[in-house]
Amino acid sequence: QVTLIPSGGGLVQAGGSLSLSCAASVGTFSTYNLGWFRQAPGKERAFVAAISRNHGINYAESVEGRFTISTDNAKKTVYLQMNSLIPEDTAVYYCAADAGSVYLYSDRRGYMYWGQGTQVTVSS
């Protein structure tokens, strides 16, 4: 059983920064694809960023250049650094993990394990 525990998030003004963390209780952390997704009110859960177990990294076009995903294998933690935040970034953010194929690592269908969401609110 995999457990993902997120932290971070909160309220920030537009142009500000926030950092999200997600600690994973897994066996071999480096064998997992890790992703961040977000869900705004009335919208479907959408891809934000992901890092595959073979070190591929992908970002949604809307966050490219502003967000950075990273991992710390020793701490079994995946991070999402969010800079230059805009009101459209307001959503509940979810971390996800899966030990399956890398071909779906940017797709929510590729993830079996999900953390509880954490709210990010960007005021204008």
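These figures come from a predicted structure and were not determined experimentally. (Residues numbered from 1 in each chain as written. Predicted model: local features only at pLDDT ≥ 70, side-chain atom pairs only at ≥ 80, totals over all residues. Heavy atoms only, no water.)

Caption draft 1: Seen up close, the pattern of salt bridges. Within the structure shown, the criterion is met by four salt bridges. Among the salt bridges present, the one from Arg 38 reaches Asp 89, with a minimum N-O distance of 2.9 Å. Remark: Asp 89 occurs in the loop between β8 (77-82) and β9 (91-98) and Arg 38 occurs in strand β4 (residues 33-39); sequence separation between them is 51 residues. For the pair Arg 38 and Asp 89, one class covers both residues: buried. Counted as one network, the salt bridges with shared partners bring together Arg 38, Arg 66 and Asp 89. (Salt bridge = Lys/Arg side-chain N within 4 Å of Asp/Glu carboxyl O. Helix = DSSP H or I, 4+ residues; strand = E, 2+ residues; numbered from the N terminus. Buried < 20%, exposed > 50% of the residue type's maximum accessible area, 1.4 Å probe, protein only.)

Caption draft 2: A look at the side chain of Asp 89. Since its relative accessible area comes to 1%, Asp 89 is described here as buried. The residues contacting Asp 89, other than those within four sequence positions of it, are Arg 38, Arg 66, Phe 67, Ser 84, Val 120 and Val 122. (Contact = heavy atoms within 4.5 Å.)

Caption draft 3: Up close: the side chain of Asp 107. Among the secondary structure elements, Asp 107 is positioned in the loop between β9 and β10 (113-114). One polar contact links Asp 107 to Arg 109, side chain to side chain, over a distance of 2.5 Å. (Polar contact = N/O pair within 3.5 Å; in protein donor to acceptor, adjacent residues only side chain to side chain.)

From the geometry alone we can't say anything about function, so treat these as descriptive.
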